[in-house]
Amino acid sequence: MSIHPDIFPAILDSIQENMVLIDKEFKVLYCNKEMSNSLFSFFGKNIQSGDDYRSFVVPQSMDLFMTAYTRALQGETLEIEHETSNETFSNWYRYKVNPVYDSDHSCIGVLLAAKDI
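What comes next concerns the included structure. (Residues numbered from 1 in each chain as written. Predicted model: local features only at pLDDT ≥ 70, side-chain atom pairs only at ≥ 80, totals over all residues. Heavy atoms only, no water.)

**Considerations on the pattern of salt bridges**
Phase 1: The final tally for this structure, using the stated rule, is four salt bridges.
Phase 2: Here D52 makes a salt bridge to R54, at a shortest N to O gap of 2.6 Å.
Phase 3: What makes R54 partly exposed here is its relative accessible area of 32%.
Phase 4: Note that E79 is salt-bridged to R94, the shortest N-O span being 3.8 Å. Residue E79 is found in strand β3 (residues 78-85), and its partner R94 is found in strand β4 (residues 90-101); the two are separated by 15 residues along the sequence.
Phase 5: You can call R94 partly exposed: its relative accessible area is 30%.
Phase 6: Overlapping salt bridges bring together E79, E81 and R94 as one network. (Salt bridge = Lys/Arg side-chain N within 4 Å of Asp/Glu carboxyl O. Buried < 20%, exposed > 50% of the residue type's maximum accessible area, 1.4 Å probe, protein only. Helix = DSSP H or I, 4+ residues; strand = E, 2+ residues; numbered from the N terminus.)

Shape descriptors only; they carry no functional weight alone.
Written as structure tokens, this is what we have:
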């Protein structure tokens, strides 16, 4: 039985949690609808596959993002509660950052999931 190629994006887009898969060079591999909508609300621009995810991280959260991202690439899974804010928006999220592996068990990037708390 073969799996339809649209099945995984359909599943990820149905999840009510913000999710983005970022490769080892910070490029977006996939961003679900929930995360796309949240980032558009926050930054006023659409995120696309191939974008550098760092351009969607607020400056005051960059050190935390870089630390979590680096540790995830080294095999750790982290869960962090953090306030994300700009001039017009402030919200607390529970971030989960974990490595993602391919079928050969090589790390291909990091999955960042964010839940509004």
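Moving on, there is more to tell.
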